[in-house]
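For reference, the chains in residue letters:
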Amino acid sequence: MNDTSPGYVRSLRPWDAALIVVGGVIGGGIFLNPGIVAQRTESGLALLLLWVAAGVLTLIGALCYAELGARRPRAGGTYVYLREAFGPLAGFLFGWTMLLVIYSGSSAAVATIFASYAAALFGLPPAWALPLTVGALVFVGGINLFGIRLGAQIQNLFALLKLLAVAVLVVCGLFLAGAGHGQVLAIDPARHGVGFISAALPVLFAYSGFTYLNNLAGEVRDPQRTLPRALTLGMLLVIGAYVLVNVAYLAVLGHAGLAASTAPAADVMQQVAGPVGAKVIALGVAISTLGFCNITLVAGARVLQVMGEDGLFFRAVARLHPRWRTPNTALLLLSGWAIVLALSGSYGQLLDYATFGDWLACAVGVGTLFWYRRHDGASSGFRVPGYPWLPLLFIAAVTVVVLLSLRDNPRNTGIGLLIMAAGVPVYVVWRRLFSRTLP
């Protein structure tokens, strides 16, 4: 690993890229969060409209990131856009928060979901939860040490299996258990007058992750054409899957039953096929969460590697393996920190911080599009339709959700902001110590 920059290999094909989008978005949220959303909406219609609206909003963000990726088809994604548009401090703050909270915290939290479902699947005692969590993170980190091609093949398998799990859930819910159910859109009298906006955060969490492909843009073939197509196709698949799954939940459980459920996917399958159905969905959720952890760690490692090249992080993480062309040092660092967070037992709160920070970073990342349109004369090959209104709509909607999150959950969102702000003095100290390596 003496060569610090042998260069990434563009080996990801269009289908690989689309499945990375699917794998980065579909994790454990769609199998767990709809019950929370039902508690905060007053009817099946409101619930479905919220999932559709959040999907459309995410699609707009994905289109904006498609243009950004086409303009800068290189590793690093949001970090690169922020650094170029707003300077090295903005890029550093994103990388700092990504390492400490956004990617590592998401991986740790979702790995614990994997552990709980895997333990249920194999009938293991609760004491196995922590070893399974750590084992999952070690596994997904380890398989990506040997090249993006192997990692992509395994990621494709994860993504296809999770889509199969979604299909099984939808078929069982709509055609086996929910056939003829007429209460999908009905009003739930017990939820009359509940706040609608408060349901947005768990829905947005389920849709987060569409930016991960941009972190891998340096390894995508023909990126100016592939990135826009993969982001669009991947998000359309996700939106369709999410809406159909929620219709299945409502068809089987009704709005009131969904609001009372802590594991709606398991409850649906239990009604359809008893214990066998519960085992099947446990396997599907375990695969889905494992795939999410895989792509999160892979994407985050590319950000750290580019930061190391820029002198905004330790030079060691900039090294790519001379044979596999993978940022193995960065990958080991990010995986190791995710394991530390999992061992700390604070992953539940970290998931809140990660969701808040991730969408805030998305909004700021979309904001760089205005800078590129003004200062970058190069043709990107793809331009987001409806500019500037669609990017402005995305930024405004995310800003509203962020502000309402600060109002409704000031402790967790406040801590998330403090973690981001703590990066400023760290950056100042870093610049004084290593100023020769900084731009």
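For the structure itself, look to the data block above.
Residues numbered from 1 in each chain as written. Predicted model: local features only at pLDDT ≥ 70, side-chain atom pairs only at ≥ 80, totals over all residues. Heavy atoms only, no water.

Participant: For this particular structure, what's the right way to read the packing of helix α3 (residues 44-71) against helix α10 (residues 223-260)?
Facilitator: Packed helices, taken two at a time, are described by the angle between their axes plus the distance between the axes. Packing of α3 against α10 leaves a shortest axis separation of 9 Å and a crossing angle of 170°. Taken together, the axes of α3 and α10 lie roughly antiparallel to each other. Across the contact of α3 with α10, the residue classes tally to 22 nonpolar, eight polar and no charged. (Axes fitted to C-alpha atoms, helices over the stretch in contact; angles between N-to-C directions. Helix = DSSP H or I, 4+ residues; strand = E, 2+ residues; numbered from the N terminus. Parallel < 35°, antiparallel > 145°, perpendicular 65-115°, else oblique. Nonpolar A, V, L, I, M, F, W, Y, C, P; charged D, E, K, R; others polar.)

Participant: Can you help me understand the packing of helix α6 (residues 129-143) against helix α11 (residues 264-310) in this one?
Facilitator: Axis separation between α6 and α11 bottoms out at 9 Å; the angle between their running directions is 50°. As the angle between them shows, α6 and α11 are arranged oblique. The interaxial crossing formed by α6 with α11 has right-handed handedness. Contacts between α6 and α11 involve A136, L137, F139, V140, G141 and I143 from the former and L290, C293, N294 and L297 from the latter. Classifying every residue of the contact of α6 with α11 by side-chain character gives eight nonpolar, two polar and no charged. (Left-handed = near helix turned anticlockwise from the far one by under 90°. Contact = heavy atoms within 4.5 Å.)

Participant: What should I look at first to understand helix α2 (residues 29-39) in this one?
Facilitator: Because the α-helix completes a turn every 3.6 residues, residues three or four places apart line up on one side. Summarising burial for α2: eight of the 11 residues are buried, a large majority. The set of residues buried in α2 consists of G29, I30, F31, N33, P34, G35, V37 and A38. (Buried < 20%, exposed > 50% of the residue type's maximum accessible area, 1.4 Å probe, protein only.)

Participant: I would appreciate a short explanation of α11 in the present structure.
Facilitator: Taking 1.5 Å of rise per residue, 47 residues should cover 69 Å, yet α11 covers just 46 Å from first to last C-alpha, more than 12% shy of that figure. Roughly 140° is the biggest bend found in α11, and it falls at A273, with proline P275 one to four residues downstream. (Expected span 1.5 Å × (residues − 1). Bend = angle between axes of the 7 residues up to and from the residue.)

Participant: Can you help me understand the nonpolar core in this one?
Facilitator: Proteins that are soluble and globular tend to have nonpolar side chains buried together. Membership of the largest hydrophobic core comes to 142 residues, with the highest contact counts inside it found for Y207 and M235. What Y207 contacts, discounting residues up to four positions off in sequence, is V25, W51, A54, G55, T58, M235, V238, I239, Y242 and W359. (Core = buried A, V, L, I, M, F, W, Y, C linked by side-chain atoms within 4.5 Å.)

Participant: Explain the packing of aromatic side chains to me, please; I cannot follow it from the model alone.
Facilitator: What describes a pair of aromatic rings is the distance from one ring centre to the other and the angle between the planes of the rings. Counted by the stated rule, this structure contains 18 aromatic pairs. Where Y81 meets Y372, the ring centres are 6.4 Å apart and the plane angle is 85°; that geometry is what we call edge-to-face. With Y81 in helix α4 (residues 78-86) and Y372 in helix α13 (residues 347-375), the pair connects residues that are 291 residues apart, well separated along the chain. Looking at Y81, the relative accessible area reads 0%, which means it is buried. Accessibility expressed as a relative area gives 0% for Y372, which makes it buried. Judged by centre distance (6.0 Å) and plane angle (55°), the rings of F210 and W359 are tilted. (Phe/Tyr/Trp six-rings, centres within 6.5 Å; stacked < 30°, edge-to-face > 60°.)

Participant: How should the state of the cysteines be read in this particular structure?
Facilitator: Among covalent bonds in proteins, the disulfide is the one between the sulfur atoms of two cysteines. Tallied over the entire structure, the rule returns zero disulfides. Note on C293: no disulfide assigned, nearest cysteine sulfur contributed by C362 at a separation of 18 Å. Overall, the relative accessible area of 1% leaves C293 in the buried class. (Disulfide = S-S within 2.5 Å.)

Participant: Any chance you could explain the pattern of salt bridges here in plain terms?
Facilitator: A side chain of one charge can pair with a side chain of the opposite charge when the charged atoms of the two come close. Under the defined criterion, the tally for this structure stands at 11 salt bridges. Across the pair R72 and E84 runs a salt bridge, and its minimum N-O distance is 2.7 Å. With R72 in the loop between α3 and α4 and E84 in helix α4, the pair connects residues that are 12 residues apart, well separated along the chain. Look at R72 and you get buried, because its relative accessible area is 14%. Of the charged contacts in the structure, one is a salt bridge between D222 and R225, with a shortest N-O distance of 3.2 Å. Overlapping salt bridges, with partners in common, bring together E67, R71, R72, R74, R83, E84, D310, R373 and D376 in one network. (Salt bridge = Lys/Arg side-chain N within 4 Å of Asp/Glu carboxyl O.)

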